[in-house]
Amino acid sequence: MAAKPPWVWDSLAEDVRAKSWQELADWVGWLETAYTPWVLLPPCWPAHEGLKIELSMFWYWHRWLSTAAVNPIDGVRWHNELRRSAQAWRELATCQHEPPVAHHHQIVAAQRARRDQFLADAQRPEQGES
């Protein structure tokens, strides 16, 4: 079985996970300072699962660049991807992190049911085929 990537913390001991969270938070603080105005994050970034994972990946990528990369193009690629991702992160920058509306699960269930219907329709043979 392949080892989990280092940014997947599910199986970490509680103390190691807490230390990793603190190190990530420190790095994100550095990132926000060093890359202002590109990087603008909401204070609730740890509560956004996708953002937390993406920031973790950037963190590990940056650590690799700082310790093992030998080609400057890797650093240029990191900066290009950072700028591109930071544009997407800006959409969350004004997040108030309000809890989901009470009927959110009903909306999600209806959207999934609609998707399932589209999937079923897409799998049916075309009308008129012989």
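Remember, predicted model here, so these are calculated numbers, not experimental data.

### Observations regarding the overall build of the protein
Moving on, step 1. Across its full length, the protein holds four helices and zero strands.
Moving on, step 2. Overall, the protein shows an N-to-C arrangement of helices and strands of α-α-α-α.
Moving on, step 3. At 20 Å, the protein has a C-alpha radius of gyration far larger than the 14 Å of a compact globule built from 130 residues.
Moving on, step 4. Along the first, second and third principal axes, the C-alpha atoms of the protein reach 60 × 40 × 35 Å.
Moving on, step 5. Scored against the burial criterion, the 130 residues of the protein give a buried share of 24%.
Moving on, step 6. Restricting to contacts in the protein with at least 6 residues of sequence separation, those with at least 24 account for 64%.
Moving on, step 7. Positive and negative charge centroids in the protein, built from 13 and 16 side chains respectively, lie 2 Å apart.

### Digging into unusual backbone geometry
Moving on, step 1. The peptide bond linking Thr36 to Pro37 adopts the cis configuration, its omega dihedral lying at 5°.
Moving on, step 2. Tracing the backbone shows Pro37 in the loop between helix H1 (14–34) and helix H2 (49–67).

### Thoughts on the packing of aromatic side chains
Moving on, step 1. For the structure on display, the rule yields nine aromatic pairs.
Moving on, step 2. Residues Trp30 and Tyr35 carry aromatic rings whose centres are separated by 5.8 Å and whose planes lie at 80° to one another, so their mutual orientation is edge-to-face.
Moving on, step 3. Measuring from centroid to centroid gives 6.1 Å for Phe58 and Trp78, while their planes differ by 75°, and the two rings are edge-to-face. Residue Phe58 is found in helix H2, and its partner Trp78 is found in helix H3 (residues 72–89); the two are separated by 20 residues along the sequence.

### Digging into the state of the cysteines
Moving on, step 1. Inspection of every chain in the model, using the stated rule, returns zero disulfides.
Moving on, step 2. Looking at Cys44, it has no disulfide partner, and the nearest cysteine sulfur is the one in Cys95, 3.6 Å off.
Moving on, step 3. By relative accessible area, which is 23% here, Cys95 ends up partly exposed.

### Remarks on the packing of H2 against H3
Moving on, step 1. The interhelical angle for the contact between H2 and H3, taken along N-to-C directions, is 160°, at an axis separation of 11 Å. Regarding the angle of H2 to H3, the classification is roughly antiparallel. When you trace H2 past H3, the crossing you get is left-handed. Between H2 and H3, the residues in contact are Leu51, Glu54, Leu55, Phe58, Trp61, His62, Trp64 and Leu65 and Asp74, Gly75, Arg77, Trp78, Glu81, Leu82, Ser85 and Trp89, respectively.
Moving on, step 2. Residues that form the contact of H2 with H3 fall into these classes: nine nonpolar, three polar and four charged.

### Some points on the nonpolar core
Moving on, step 1. Core analysis: the largest hydrophobic core is formed by 19 residues, its most contacted members being Leu31 and Trp89.
Moving on, step 2. Within the residue set of this core, elements represented by two or more residues are H1, H2 and H3.
Moving on, step 3. If one sorts the elements of this core by residue count, H2 sits on top with six residues.
Moving on, step 4. With near-sequence residues (within four places) excluded, Trp89 lies in contact with Leu31, Val39, Leu40, Leu41, Leu51, Glu54, Leu55, Phe58 and Leu82.

Definitions and cut-offs
Residues numbered from 1 in each chain as written. Predicted model: local features only at pLDDT ≥ 70, side-chain atom pairs only at ≥ 80, totals over all residues. Heavy atoms only, no water. Helix = DSSP H or I, 4+ residues; strand = E, 2+ residues; numbered from the N terminus. Rg over C-alpha atoms; globule rule 2.2 N^0.38 Å. Buried < 20%, exposed > 50% of the residue type's maximum accessible area, 1.4 Å probe, protein only. Contact = heavy atoms within 4.5 Å. Lys, Arg positive; Asp, Glu negative; His and termini not counted. Charge placed at Lys NZ, Arg CZ, Asp CG, Glu CD. Phe/Tyr/Trp six-rings, centres within 6.5 Å; stacked < 30°, edge-to-face > 60°. Disulfide = S-S within 2.5 Å. Axes fitted to C-alpha atoms, helices over the stretch in contact; angles between N-to-C directions. Parallel < 35°, antiparallel > 145°, perpendicular 65-115°, else oblique. Left-handed = near helix turned anticlockwise from the far one by under 90°. Nonpolar A, V, L, I, M, F, W, Y, C, P; charged D, E, K, R; others polar. Core = buried A, V, L, I, M, F, W, Y, C linked by side-chain atoms within 4.5 Å.

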